[in-house]
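Okay, here's what each chain looks like letter by letter:
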Amino acid sequence: MTLGQQETVEERHSNRLPTNLTKVQELVYELKVEQVMTRDVITCSPDATMAELKEVLRVNQISGVPIVEDGQMIGMISVENLLRALEEGDAQTRVRDKMTQRVQAVRADDTLAGAVALFARYRYGRFPVLDAEGQLVGIITQGDIVRGLLKQFETLWHSEEIRRYRASHIFEDIESEQTTLILRYHVEARDFVHGGEASSKVKRALDRLGAHPQTIRRISVATYEAETNIMIHTEGGEIIVEARPEEIKVTAVDDGPGIEDVAKALEPGFSTAPDWIRELGFGAGMGLVNIKASTDRMTLTSTMGVGTRLEMIFDLAQGGE
Amino acid sequence: MLLIGWFINVTLAEILALLDGVLVSEGADLDTEVEFACGADLMSDVLAFTHAGTLLLTGLTNPQVVRTAEMTGIKAIVFVRGKKPASETIALAQDKKIPLLTTRFTLYESCGRLYTRGLQSCGLFDLGHKAQEQGPDHATRGQA
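Throughout this description, residue numbers start from 1 for each chain and increase along the sequence as written. The naming scheme follows written order: chains are lettered A onward, ligands numbered 1 onward. Local features in a predicted model are, by the rule used here, given only for residues with pLDDT of at least 70; side-chain atom pairs are given and counted only at 80 or more, and totals for whole chains, interfaces and linings are based on all residues. Side-chain measures were taken over the full set of non-hydrogen atoms in the model, leaving aside hydrogen atoms and water.

Visitor: Can you tell me about the environment of B:Thr106, naming the residues and giving the values?
Guide: Residues and elements named next belong to chain B. Numbering of helices and strands runs from the N terminus, with a helix taken as a DSSP run of H or I at least four residues long and a strand as a DSSP run of E at least two residues long. Mapped onto the fold, Thr106 is located in the loop between strand E7 (100-102) and helix H5 (107-117). The classification of residues rests on relative accessible area computed with a 1.4 Å probe and restricted to protein chains. Under 20% of the type maximum is buried, over 50% is exposed, and intermediate values are partly exposed. Residue Thr106 is classed as partly exposed on the basis of its relative accessible area of 39%. Sequence separation between Thr106 and Gly82 is 24 residues; the distance between their C-alpha atoms is 8.3 Å. In what follows, residue pairs with any heavy atoms lying within 4.5 Å of each other are defined as contacts. Aside from chain neighbours lying at most four places away, what touches Thr106 is Val80 and Arg81. Here the side chain of Thr106 touches Glu109 through a polar contact of 3.1 Å, landing on its backbone nitrogen. Under this definition, polar contacts are N or O atom pairs within 3.5 Å; protein pairs additionally need one hydrogen-donor-capable and one acceptor-capable atom, and for neighbouring residues in sequence, both atoms have to be side-chain atoms.

Visitor: Can you lay out the nonpolar core for me, pointing to particular residues and giving the numbers?
Guide: Core analysis: the largest hydrophobic core is formed by 58 residues, its most contacted members being A:Ile239, A:Ile248, A:Leu310 and B:Ile77. In terms of residue count, the dominant contributor to this core is helix H11 (residues 213-233) of chain A (nine residues). Not counting chain neighbours up to four residues away, the residues in contact with A:Ile239 comprise A:Leu183, A:Arg184, A:Tyr185, A:Val187, A:Ala198, A:Thr223, A:Glu227, A:Ile230, A:Val250, A:Thr251 and A:Ala252. With 19 residues, the next largest nonpolar core counts A:Val28, A:Val36, A:Ala113 and A:Ala115 among its residues. We define the nonpolar core as a collection of buried residues of types Ala, Val, Leu, Ile, Met, Phe, Trp, Tyr and Cys that are connected through side-chain atoms lying within 4.5 Å of one another.

Visitor: Describe the pairing of strand E4 (residues 126-130) of chain A, and please don't skip the residues or the numbers.
Guide: Residue and element names in this part refer to chain A. Within E4, five of the five residues are buried, which leaves the element mostly enclosed by the surrounding structure. Strands were regarded as paired on the criterion that DSSP finds at least two bridges between them. As judged from the two bridges shared by strand E3 (residues 106-107) and E4, these two strands associate in the parallel manner. Looking at the pairing, Arg107 lines up with Leu130 of E4. Here E4 hands over to strand E5 (residues 136-141) after five residues, with Gly134 in that stretch at a positive phi of 85 degrees.

Visitor: Help me get a handle on the environment of A:Leu136, residues and values and all.
Guide: Residue and element names in this part refer to chain A. Its location among the elements puts Leu136 in strand E5. Its relative accessible area of 22% is what places Leu136 among the partly exposed residues. Distance from Leu136 to Gly71, taken between C-alpha atoms, is 8.4 Å for residues 65 residues apart in sequence. If near-sequence neighbours (up to four positions away) are discounted, Leu136 is found in contact with Val41, Thr43, Pro66, Val68, Met73, Pro128, Val129 and Leu130.

Visitor: Break down the sheet that holds strand E8 (residues 120-121) of chain B for me, with residues and values.
Guide: Residues and elements named next belong to chain B. The mixed open sheet is built from six strands, whose spatial order is E2-E7-E6-E5-E4-E8. Strands at the two margins of the open sheet, each flanked by one partner only, are strand E2 (22-23) and E8. Relative to strand E5 (residues 54-58), strand E4 (residues 36-39) runs parallel, the two being bridged by four bridges. Bridged to Phe36 within E5 is Thr54. Axis definition: a line fit to C-alpha positions, over the contact stretch in the case of helices; interaxial angles, taken between N-to-C directions, run 0 to 180 degrees. Here helix H3 (residues 63-72) sits on the sheet and contacts E5, strand E6 (76-79) and E7; the angle it forms with E6, its principal contact strand, is near 150 degrees. Along the sheet, H5 contacts E4 and E5; its crossing angle with E5, the most-contacted strand, is approximately 155 degrees.

This is how it looks when you write it as structure tokens:
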């Protein structure tokens, strides 16, 4: 398979596995040959007979070896060369006379993509790997490439697991009288294209911290309603999340204009939103009602001309989260 | 007489067929199943009443519909009455991996087609007691 073909394959499957293939492609260009090659190279002397070579291949269960003389690689020989020699009754012939002398090699610092291209172009089962000085430092097969990619995938997956574990155990690992993780997000006024990004980030952060999905959902819904309120009604503000082992507190603050009648604002259906907001699917006077239903405790304070502060507290079940 | 039994999960492929719909999102897995559906143009209602695994049918096409879906765990969105979502909406949905579908049918007819297929409504009942809370109509059908 050439690299060109690989691109078509990706295109054809792209409606199924877009992310995974991108990751494989990334890795193929990231990983170097030296990271996946076999370092302990089994070699053979040019003075060995083909019968001796057969033993080397059989004992090591390999299908080809570099031929090395005085520390220099001078050729390659494969099981195909051996079979041809045996057919012709040349078992006692020296390897030197049967080996391939024009050897195609890869460099240790080539990318896997380069090696894959070579495997596609030449139908060899293996390539010797040379360092910058031309010294033989390893050997690479298509199996080495597959193994290397799988190993790298496993490593990436494992480090992701560790990251998740660390995040969710942050409160257990760090000892203090009271540990609080504080996250702050700016909310732009009337930006309906990017609006909701703060809530989206809060949601991801809570997921990282290992909170229970139901709790994450409650907090996300309430935070998103609060963020929408800042977007619609104010000149911009902030969402501040304080995470503690026993509770999550989300505060939405803005610099005005403030709510004239807080009690009225909390009534279902009461809204001061303009028509263009209603056309966007908000402004029906249900935001604060939703927030109240999603939180365990909520306080809303507002001063006209100064600003509004909405505090939402979510209790975390002990142990489970 | 409707020949439906208990509520069922429906795949996106089947939804496209039932609604004579078009898939807007690239790379969506049409074998994805939805468990509930919700037809609404008021996002606060969607935020209040939907569950994870819900299909949202709506006439709104702005990016906040996708944000709402993200917050509530909505699995896919159908835009009704032949509405085409804005490019920001498509981009955000792609980023959040929420498939977008369109249909030429109205919200009412789209919901009706899915409901008669057996896709149940979201909201207004406790998920833990799904079986007992399906309304008289369906209780009888279940016993029949």
